[in-house]
Amino acid sequence: MASDHATDMTSDHAVDIDKHVRVYITVFVALMVLTIVTVAVSRYHFPVPVAVTVALIVATIKGSLVACYFMHLISEKKLIYAVLALTVAFFAVLLALPVLTYSDGYWIR
Amino acid sequence: MSEQAIGAPKPHVTHEAHHEELGFWRKYVFSTDHKVIGIQYAVTGLLFLLFGFCLMMLMRWQLAYPGVPLPLIGGLLGEARMPGGTMLPEFYNELGAMHGTIMVFLGVVPLAVGGFGNFVLPLQIGAPDMAFPKINMVSYWCLFLGGITMLGSFFVPGGAAQSGWTSYTPLAVIAGTGQTWWLIGMIFLITSSLLGALNFITTTIQLRAKGLTFMRFPFFCWAQFVTAFLLLLAFPPLEAAGVMQLMDRVAGTSFFLPSGLVVSGQPLTNAGGGNTLLWQHLFWFLAHPEVYVLILPGMGIVAEIIANNTRKPLWGYRSMVYSLVFLGFMSFIVWAHHMFMTGMGTAMAAFFQTTTMIISIPSVVILTALIISLWGGSIRFNTPMLFAVAFLPMFGIGGLTGLPLGLNIADIPLHDTYYVIAHFHYVVAPGTIFALMAGIYYWYPKATGRRMNETLGKIHFWGSFVCMNVVFMPMFIIGLAGVSRRLFDAGTAYTFAQPTMHWNEVSSWGAWTLALFQLPFIFNFFWSIRKGETVGENPWQATTIEWSAPSPPPHGNFVHAPQAYRGPYEYSVPGAGKDFVPQYEA
Amino acid sequence: MDIPYTVEVRRDTGLTNGKIGIWLFLASEVMLFGALFASYILIRVGAPSWPRGDTILDVPLATFNTIVLISSSVTMVMAWASLMRRRFGTFRIYMGGTVLLGLVFLVVKYFEYGHHLELGEYPSTNNFLAIYYTLTGLHMLHVFGGMVVNAYFWGPGAKLWKTNPVWFTNRVEHSGLFWHFVDLVWIFLFPTLYLL
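Predicted model, so just to flag it, every value in this text is computed and none were measured.

**Description of the overall build of chain A**
Line of reasoning, step 1. The number of helices and strands found in chain A is 3 helices and 0 strands.
Line of reasoning, step 2. Seen in sequence order, chain A has helices and strands lined up from the N terminus as α-α-α.
Line of reasoning, step 3. Taken over 109 residues, chain A has a buried fraction of 40%.

Spelled out as structure tokens, the structure:
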């Protein structure tokens, strides 16, 4: 039975899938809760920097749950981690540098 | 040209008896074989290079003789563009924008990456094909559609894009219909590159032969591998920017339109509030890594040819590989050196200046290693080697002249002058294009089973080498005198430019003569298909795996899956029977 | 001619070609949406004023859509898990559910856009709306694309289960990765546009 599961997961038998399914349900519940939380917090209309920070933290947790458990990133191979690390680095550069350049001010008005 | 003779999959020697013979369309047009696709890319690239060159030759008439009617051809281009045979400024701008766009995105990249990468890479790593053959085919046809769109844009009312290959906003937003076509064309081209990039990366990692570790890769493979990452991660922001510019043009948004813009005395009705520099950030985020996409495959080709024709291993292979990877990484954090003149503050200018200076180091390491590789070699000066060796000083000039541009203070007088044009043309024209020519002469026997003619090759080389320098060297002079690029009258309206204006004529005659010297190449390319000297598997006595396949290779490439037993450049090994020990020989 | 490692993993990387391919594609999508987020940041920072999301957009509707999309992610991964357990029937149900939930998402967006357009809130009205339409529009195209692929695997593509179940399972997994990514983008899009 196990030998014809020549798939990407290194040691997946039907038993492991059951464990995975339990994780999926847990993550689903967590995601629902966090969605309610993020909407509820937004109702307080905190000042923008605070609101952004909280929203980003919640979104990052939710996103990490989806990535780690639904996308199985938590048990992926090193190569995939390497590609994603590189991508995240450049993503951060893309997000930060233009606005930093803007904030550094312009000597031409 | 008959595709049947070039790289035509011979009746396959592999073991699958159930594989049915494909019809003409599936075999030569909608093929999933990387060799056919590679040739499709290469031929498309070469045709666009020629077309882009023709656009420039038209411009060079205007630059040499501003306002003078162009004999013969001038009348053919219609009153809308060249009334009485004299070029309108709008048409000059069209030619300029499309020359740049076509050369970069439809000429060099399809040839260097799509052509050489597709044809050579699987063979060089001992693979039967790319990891995703169908996606490979789709990527070519996306390029084709992009090319058709770009060509078609010449025929829309108002003509093709006219806002430079850089399509800076807000000018590009208010420009005519051709710009919309440019944006759509770019989306096709970007899609093609993205699909190709993920194919190359997956193939290189997964389909390499047994024993072919990364540090045993030919440098060409490393170059294509890093290039693929640049394409994969740098192109999407331009795609996003293209969508936003389309929205600005078609849906009336103001992503790139500042408030209070007045065009021809009329205030624009757009909401405004946009950031016009946002376009530049997103454009250059791609376009800087893009210039490394333009050069890296060329470096890879030159490395292969130098090792082969010096009968010596490459000097400093490891340093070259580390430099290549470091260069690829750094290329993502230097882009705003194209934006020094946007008035950015000193902190960010210092940051980008610093990263730009740092990125010159790996380039120098690679170039130096290649030069040192010549030392003590038994050099064979065949045509590929001539082009490959000429690449070295030409790229040297191009690279070194880039340094002042990367320093924000020095960039102030040089930005957007002919100095910049000279700098980047040295790197791409006698740089990359020479490397690509070298590659064509080198791998032509593998693709066709025949050599190209050496005499014609040498005429092509020497003529091109001299003419390239005649065209571009004077531009440093004009640029240092302060003459801006993209000027319809070449700068003749400015008094300060007068002492250098005669150089325009020199460059133009250099360009037209350069065109003449391509004729032996074009003739040779087609003539040799039928009449070239036939060759076996390894006419250059080379060491890398592609030379173990038949010339041309059949569908599936290898009769038995090859294996790598050693490094890629075991030339002149002491004690060996011949002056090379192939990587694939047990 | 067979391309190796389409179905079985390569020993030193532990991966199939398709797995690497889809993650590479997702990496490029991170950069695509990243550019739009970077644009949002730059435009918002440079704007003299910026409306709070809930003053223009319908938060309850979007919250519903968020729940719909997250649920569709669960059904997607359950569809794959069903294939791993060799339960094709269950796969059909979960995959069908994923496609349906995707459709619900799209229908909601259709009404959402329709409402804004009725009120005269076009992309050209101001930059908030411009970036809103562009970000959610591009996201919507990805939802649609993912749905088409998922519908293919639910329907005509399911034939592959009979001839090569492992390959089919892998392809569903890769499609799932794309779908989860689309969900992931929404997880960041939703608070950014609607709540801040």
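**What to know about the overall build of chain C**
Line of reasoning, step 1. Of regular secondary structure, chain C possesses 7 helices and 0 strands.
Line of reasoning, step 2. The order of helices and strands in chain C, counted from the N terminus, is α-α-α-α-α-α-α.
Line of reasoning, step 3. If one aligns the C-alpha atoms of chain C with their principal axes, the spans along those axes are about 60 × 35 × 25 Å.
Line of reasoning, step 4. The buried share among the 196 residues of chain C stands at 64%.
Line of reasoning, step 5. A sequence separation of at least 24 residues applies to 77% of the contacts in chain C between residues at least 6 apart.
Line of reasoning, step 6. Split by element, the accessible area of chain C, about 6900 Å² in all, is 68% carbon and sulfur.
Line of reasoning, step 7. Distance between charge centres in chain C, computed from 13 positive and 11 negative side chains, equals 13 Å.

**Quick word on the side chain of Asn504 of chain B**
Line of reasoning, step 1. Inspection of the secondary structure assignment puts Asn504 of chain B in helix H15 (residues 502-531).
Line of reasoning, step 2. Beyond its immediate chain neighbours, meaning those up to four positions away, Asn504 of chain B contacts Arg60, Leu63, Ala64, Ile478 and Ala490 of chain B.

**Quick word on the interface of chain A and chain C**
Line of reasoning, step 1. With 49 residues of chain A in contact, the opposing surface of chain C contributes 56 residues.
Line of reasoning, step 2. Taking both sides of the interface into account, the surface hidden between chain A and chain C amounts to around 4700 Å²; carbon and sulfur atoms contribute 78%.
Line of reasoning, step 3. Where Glu76 of chain A meets Lys19 of chain C, a salt bridge forms, and the shortest distance between an N and an O atom there is 2.7 Å.
Line of reasoning, step 4. Put simply, chain A and chain C have 4 residue pairs in polar contact (both at pLDDT 80 or more) between them.
Line of reasoning, step 5. When residues of the side of chain A that touches chain C are traced back to their parent elements, those giving at least two are helix H1 (14-42), helix H2 (48-70) and helix H3 (78-103) of chain A.
Line of reasoning, step 6. Per-class residue counts for the side of chain A that touches chain C are 32 nonpolar, 10 polar and 7 charged.

**Notes on helix H13 (residues 418-448) of chain B**
All names here are of chain B.
Line of reasoning, step 1. Along H13, the helix axis deviates most sharply at Tyr442, where the bend reaches about 40°; the proline Pro445 sits within four residues downstream.
Line of reasoning, step 2. Counting buried residues in H13 gives 29 out of 31 residues, a clear majority hidden from the surface.
Line of reasoning, step 3. After H13 finishes, the residue Gly449 shows a positive phi value of roughly 80°.

**Focus on the nonpolar core**
Line of reasoning, step 1. Formed by 294 residues in total, the largest nonpolar core has its most connected members in Phe219 of chain B together with Tyr194 of chain C.
Line of reasoning, step 2. In terms of residue count, helix H7 (residues 219-251) of chain B provides more of this core than any other element does, 21 residues in total.
Line of reasoning, step 3. Beyond its immediate chain neighbours, meaning those up to four positions away, Tyr194 of chain C contacts Gly53, Asp54, Leu57, Asp58, Val59, Ala62, Lys109, Glu112, Tyr132, Trp186 and Leu189 of chain C.

**Looking at the interface of chain C and chain B**
Line of reasoning, step 1. At the interface, 33 residues of chain C touch 42 residues of chain B.
Line of reasoning, step 2. With both chains or domains summed, chain C and chain B bury close to 2900 Å², and 71% of this area falls on carbon and sulfur atoms.
Line of reasoning, step 3. A salt bridge links Arg208 of chain B to Asp12 of chain C; the nearest nitrogen and oxygen atoms lie 3.3 Å apart.
Line of reasoning, step 4. Across the chain C-chain B interface, the total number found is 8 residue pairs in polar contact (both at pLDDT 80 or more).

**Side note on empty space enclosed by the protein**
All names here are of chain B.
Line of reasoning, step 1. By the definition in use, this model includes 6 cavities of 30 Å³ or more.
Line of reasoning, step 2. The space that makes up the largest cavity amounts to roughly 250 Å³.
Line of reasoning, step 3. In this structure, the largest cavity is lined by 18 residues; those nearest its centre are Ile39, Ala42, Ile440, Ala447 and Phe525.
Line of reasoning, step 4. Counting only elements with at least two residues in the lining of the largest cavity, the list comes to helix H2 (34-64), helix H3 (89-124) and H13.
Line of reasoning, step 5. The element contributing the most residues to the lining of the largest cavity is H13, with 6 residues.
Line of reasoning, step 6. Across the lining of the largest cavity, the residue classes break down as 14 nonpolar, 4 polar and no charged.
Line of reasoning, step 7. Of all the elements in the fold, those that place two or more residues in the lining of the second largest cavity are H3, helix H4 (133-152), helix H6 (177-206) and H7.

**Comments concerning the packing of aromatic side chains**
Residue and element names in this part refer to chain B.
Line of reasoning, step 1. Enumeration according to the criterion identifies 78 aromatic pairs over all chains in this entry.
Line of reasoning, step 2. Measuring from centroid to centroid gives 6.2 Å for Trp165 and Trp284, while their planes differ by 90°, and the two rings are edge-to-face. Of this pair, Trp165 sits in the loop between H4 and helix H5 (171-174) while Trp284 sits in helix H8 (residues 276-310); the two residues are 119 residues apart in sequence, bridging distant segments of the chain. The pair Trp165 / Trp284 is uniform in exposure class, with both members buried.

**Describing the confidence of the model for chain C**
Line of reasoning, step 1. Counting all residues, the mean pLDDT for chain C is 96, and 99% of those residues have values of 70 or more.
Line of reasoning, step 2. For this predicted complex, the interface score ipTM comes out at 0.96, while the overall pTM is 0.95.

**Things to note about the environment of Phe219 of chain B**
Line of reasoning, step 1. One can find Phe219 of chain B in helix H7.
Line of reasoning, step 2. Expressed as a C-alpha distance, the spacing of Phe219 of chain B and Met299 of chain B, which sit 80 residues apart in the sequence, is 8.5 Å.

**Here we look at a nonpolar patch on the surface**
Residues and elements named next belong to chain C.
Line of reasoning, step 1. Together, Leu100, Leu103, Val107, Tyr110 and Phe111 make up an exposed nonpolar region whose accessible area comes to about 560 Å².
Line of reasoning, step 2. Along the chain, Phe111 turns up in helix H4 (residues 88-118).
Line of reasoning, step 3. Using a relative accessible area of 56% as the deciding quantity, one classes Phe111 as exposed.

**Thoughts on the pattern of salt bridges**
Residues and elements named next belong to chain C.
Line of reasoning, step 1. Taken as a whole and judged by the stated rule, the model has 15 salt bridges over all chains.
Line of reasoning, step 2. As a salt-bridge pair, Arg10 and Asp12 come within 2.7 Å of each other at their nearest N and O atoms.
Line of reasoning, step 3. For Arg10, a relative accessible area of 8% puts it in the buried group.

Rules behind the numbers
- Residues numbered from 1 in each chain as written.
- Chains lettered and ligands numbered in written order.
- Predicted model: local features only at pLDDT ≥ 70, side-chain atom pairs only at ≥ 80, totals over all residues.
- Heavy atoms only, no water.
- Helix = DSSP H or I, 4+ residues; strand = E, 2+ residues; numbered from the N terminus.
- Buried < 20%, exposed > 50% of the residue type's maximum accessible area, 1.4 Å probe, protein only.
- Contact = heavy atoms within 4.5 Å.
- Areas by Shrake-Rupley, 256 points an atom, 1.4 Å probe, with all protein chains shown as cover.
- Lys, Arg positive; Asp, Glu negative; His and termini not counted.
- Charge placed at Lys NZ, Arg CZ, Asp CG, Glu CD.
- Buried area = accessible area lost by both parts, 1.4 Å probe.
- Salt bridge = Lys/Arg side-chain N within 4 Å of Asp/Glu carboxyl O.
- Polar contact = N/O pair within 3.5 Å; in protein donor to acceptor, adjacent residues only side chain to side chain.
- Nonpolar A, V, L, I, M, F, W, Y, C, P; charged D, E, K, R; others polar.
- Bend = angle between axes of the 7 residues up to and from the residue.
- Core = buried A, V, L, I, M, F, W, Y, C linked by side-chain atoms within 4.5 Å.
- 1 Å grid on protein atoms, 1.4 Å probe; cavity = no way out; pocket = protein on both sides within 12 Å on 5 of 7 lines; lining within 4 Å.
- Points joined across faces, edges and corners; volume = space filled by probe spheres on them.
- Phe/Tyr/Trp six-rings, centres within 6.5 Å; stacked < 30°, edge-to-face > 60°.
- pLDDT = per-residue confidence, 0-100.
- Patch = residues over 30% accessible without salt bridge, like charges linked within 9 Å, V, L, I, M, F, W, Y side chains within 5 Å.

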